[in-house]
Amino acid sequence: MSSAKRIISGSFASWTRIGITLLTQIAIVPIYLTYWSVEEYGIWIGILSLVSITTILDQGHIEYLGNEFLKIGASDKNKISALLSSGLLSCLCIGIAEFAVLSIIIYNITLFSPYVNDLLAESLSFKFIMVFILQWISLTFVTNFTGLLYRALIPFGYYPRTVWWDVVTTLITTIVPLIGIIYGDDILAATVKGFIALVIIQLFKVRDIVTLFKSTQLSIKGGSYKTGFDNYKRSLILSGRYLLDNFRQQGIRLILAPILGARAVANFSTIRTGANVAQQGLLTITQPLLPELMNFLNEKEQNKSEAAFSTIWLVVVVILAPGIVTFQLVAEPLYSIWTKGAMPFDPILFALFSLVILVFAVAQPAVAIAIGNNLIRSQIIISAICTGIVLITTYILYSQLSILSAGIALLLAELLSLYSYKKLAKEWLLQNGLRWPDKASKTAELSVWVAGATVISINLFPNVKWTLLIVGVSILVWNMWRYQQCIPKVAKLKVYLLVNNLSIIRHLRTSKFASNYLDQLSNKYNQ
């Protein structure tokens, strides 16, 4: 399978997974609330959040090892096998240790249950403790192990396969407990059925993994305790970065709540929903590109690396920037319909969130270099500084600007993150005999600045918004032309082939001339 097809398949699988998640979240909430009490549903949500928090160190460990596999590349199977074996051994030992610690904590907490209020006492009952334990085991001892095995296969071009398995897992583990709830299952029975469904899926995944390991000549042998635990210690820095990033993106609500009140927080979160969906959608493009990018970087393929960068920036220049500008005109009425007029719309805040997504998008190639090469110390320094910027800026501005202070703080932090990661990526590429595509990068950034100036001016001067819109879009179109002029021919061809494969026109082409022409392009690229 070619790199373009792998990117397309991985992106489509990621979009499918997001679509299933969104649809099921919309559908399951009324079902849960129909068959469970609000208190039971609230405890269920709390348990899922607690499981997510208590497993974040394990997630950082898996992510770290996955990035190490990408750094090694498909050429060194023995090194990947040794690293994987040590990683599995450390995951098992650390998981057992974590389970022992959690058991002690749970036992001591339950001793206090007679002395707390009824709702808290209920949440500490045997039923809910078992739900937590099953959910925790599902993630720590089931999903993480098969996830790590698939991570070792990604350098060999199996990223799309991994995501498609995730789609199947998400679908089945959501539907099975839901059916049980409809037929009268309580929270524990539904969790047990979901757990059994997950284990069955993992058995099929293991069978698939065994087949792929044979074809790639990977193996699992006796791992090294020292190597495994050394990697785990290094991964703690990456876990710290995830904690900081999560706080910067979601924890801002904890700051706003005591300052501005619950209603302002609800309004902030609701306006930001669209931006969060756009960010998830963008990751469906960048995540499938990461394995291909790391492969190009390992082989020191300058033009192919630029092609991977160009694909991401193409989305910014051609789709996101003009799309965000024009969407400002319809955002308010759509928002009013969506919230049934219950939430006031703040156009400036929405514009700021839109710009956060643009800056986030244009930074992704540089971020991918840092993540793929496990430059974890630099990552946590950048995350810590950006989190500090959010806290300080919000604190300084909230008395004058209220909820807008958080939007400004997030945008400033994202801009700092962009230029910090860009500097880091430039240095790494230079040290490894490659160069940063400066001209294409600056052209893509210009689209961000033009879009930013346009959306802010449209909202500040609504009387001339159509004039401002025409001027802004015209500059963005001119910048599209500039962008396609500044990327190398091979990179341009690579992007063309990717877009061509993504297009529905590909399925409608029957012309022999078109077919021959595309074959010539593909042959030229492969040479």
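Residues numbered from 1 in each chain as written. Predicted model: local features only at pLDDT ≥ 70, side-chain atom pairs only at ≥ 80, totals over all residues. Heavy atoms only, no water.

Visitor: Explain the overall build of the chain to me, please; I cannot follow it from the model alone.
Guide: A tally of helices and strands in the chain yields 19 helices and zero strands. Per-residue burial over the chain gives 49% buried out of 527 residues. Considering only intrachain contacts with a sequence separation of at least 6, the fraction spanning at least 24 residues in the chain is 83%. In the form shown here, the chain has an accessible surface area of approximately 25500 Å², with 67% of it arising from carbon and sulfur atoms. (Helix = DSSP H or I, 4+ residues; strand = E, 2+ residues; numbered from the N terminus. Buried < 20%, exposed > 50% of the residue type's maximum accessible area, 1.4 Å probe, protein only. Contact = heavy atoms within 4.5 Å. Areas by Shrake-Rupley, 256 points an atom, 1.4 Å probe, with all protein chains shown as cover.)

Visitor: When you look at unusual backbone geometry in this model, what are you seeing that I'm missing?
Guide: Peptide bonds are, in most cases, trans, and in most cases residues other than glycine have a negative phi. The backbone of Asn-374 shows a phi angle near 50 degrees, a positive value even though the residue is not glycine. Assignment of secondary structure puts Asn-374 in the loop between α12 (347-372) and α13 (376-401). For Asn-374, a relative accessible area of 9% corresponds to the buried category. If you check the backbone angles, Ser-402 has positive phi at about 55 degrees while not being a glycine. Turning to its location among the elements, Ser-402 is positioned in the loop between α13 and α14 (404-431).

Visitor: Would you take a moment to explain α14 for this structure?
Guide: Helical geometry: 3.6 residues make up each α-helical turn, so side chains three or four residues apart lie on a common side. For α14, built from 28 residues, the straight-helix expectation of 40 Å at 1.5 Å per residue is met to within 8% by its first-to-last C-alpha distance of 41 Å. Remark: Gly-433 follows α14 within two positions and exhibits a positive phi of approximately 75 degrees. (Expected span 1.5 Å × (residues − 1).)

Visitor: Before we go on, may I ask you to explain helix α3 (residues 56-72) in this structure?
Guide: Given a rise of 1.5 Å per residue, 17 residues ought to cover 24 Å, and the 25 Å separating the end C-alpha atoms of α3 matches this to within 8%. For α3, a buried count of 14 out of 17 residues is recorded, marking the element as mostly surrounded by other parts of the structure. Two residues or fewer past α3, Gly-73 is found with a positive phi of approximately 85 degrees.

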